[in-house]
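Chain by chain, the residues run as shown.
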Amino acid sequence: MLVSLPPDSRDDEPRGARAHFLQVFLSQRSQMEALVNRRVGCRATAADLVQDLFLRFWRRPLVQVEELSTYLLRCAGNIAIDHLRSEGARLRHSEGWQPEEATGSEPQAALEAGNDLRHVEAALRALPERTRQIFLLNRIHGRKYAEIAKAMGLSQSAVEKHMMRALEACKASLREPAPRTPGNAP
């Protein structure tokens, strides 16, 4: 059970509480860094994140937990996940703010995306009804394979096979060259 002490009771902490925290933290540091490194893929970032974790705990009143070492490992895993989320958001944000290299590329990209969408729609319309229905239930309505299987009276394996067929049809429709029309000759 987690209990935070009020901020003004820092002086009332038991004398050995900070020393115990420091001892446990230092004994778990290498494990925490290894855990974070596995998740973020960079030793230096892992070391920085574990150091930040230490500072977070050191600056606030100590909390009482059943097993401090396990709690610290869980916190290290959480800080790695938080880091990855913030990096992903930062990357998405920076990609959205990069200047266009060519002023005409945005309309061209929109046109190509529209063509791709038409190809995928045509491929889906050409699928057998059951395969199309399974695809739509999964990709549009967010149903899991097991839910679809139960609702349609199929095995989960059958649903997976239908999904593979539908996905392959969509991929194939994007690989096929665009049909030539009289106005778009090379």
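This one's a predicted model, so the numbers in the text were calculated from it and none came from an experiment.

Core analysis: the biggest nonpolar cluster contains 22 residues, and Phe21, Phe25, Met32, Val36, Leu53, Phe57 and Leu72 have the highest contact counts within it. Those elements giving two or more residues to this core turn out to be helix H1 (17-40), helix H2 (43-59) and helix H3 (68-96). At 8 residues, H1 tops the list of elements feeding residues into this core. The residues touching Val36, leaving out its near neighbours within four places in the chain, are Gly41, Ala46, Leu49, Val50, Ala76, Ile79 and Ala80. The next biggest cluster of nonpolar side chains, apart from the first, holds 12 residues, and it includes Leu127, Ile148, Leu154 and Cys170.

What follows covers the packing of aromatic side chains. For the structure shown, the criterion picks out 7 aromatic pairs. When the centroid spacing of 5.8 Å and the interplanar angle of 45° are considered together, the rings of Phe21 and Phe57 count as tilted. With Phe21 in helix H1 and Phe57 in helix H2, this pair connects stretches of sequence that are 36 residues apart. Look at Phe57 and Tyr71: their rings are 5.8 Å apart centre to centre, the planes differ by 75°, and that puts the pair in the edge-to-face class.

Attention now moves to the confidence of the model for the chain. Confidence in the prediction of the chain, expressed as mean pLDDT, is 79, and 78% of residues score 70 or more. Low pLDDT, under 50, characterises residues 1-10; the stretch is placed with 21 contacts to residues that sit more than four places away or in other chains. Every residue in residues 180-186 scores below 50 in pLDDT, and together they form 2 contacts with partners more than four places removed in sequence or on other chains.

Calculation criteria
- Here, residues in each chain are numbered from 1, in the same order as that chain's written sequence.
- Since the coordinates come from a predicted model, pLDDT governs what is reported: local features require at least 70, and pairs of side-chain atoms require 80 or more to be given and counted, while whole-chain, interface and lining totals use all residues.
- As a rule here, side-chain values come from all non-hydrogen atoms in the structure, and water together with hydrogens is ignored.
- Residues belong to a common nonpolar core when they are buried Ala, Val, Leu, Ile, Met, Phe, Trp, Tyr or Cys residues joined through side-chain atoms within 4.5 Å.
- Note on classification: 1.4 Å probe, protein chains only; a residue is buried when its accessible area is under 20% of the maximum for its type, exposed when over 50%, partly exposed between these limits.
- In this description a helix means any DSSP run of H or I spanning at least four residues, a strand means any run of E spanning at least two, and both kinds are numbered starting from the N terminus.
- In this description, contact between two residues means that some pair of their heavy atoms is separated by no more than 4.5 Å.
- Pairing of aromatic side chains requires ring centres within 6.5 Å, counting the rings of Phe and Tyr and the six-membered ring of Trp. Pairs whose planes differ by under 30 degrees are stacked, by over 60 edge-to-face, and all others tilted.
- Every residue carries a pLDDT, the predictor's confidence in it, which falls somewhere between 0 and 100.

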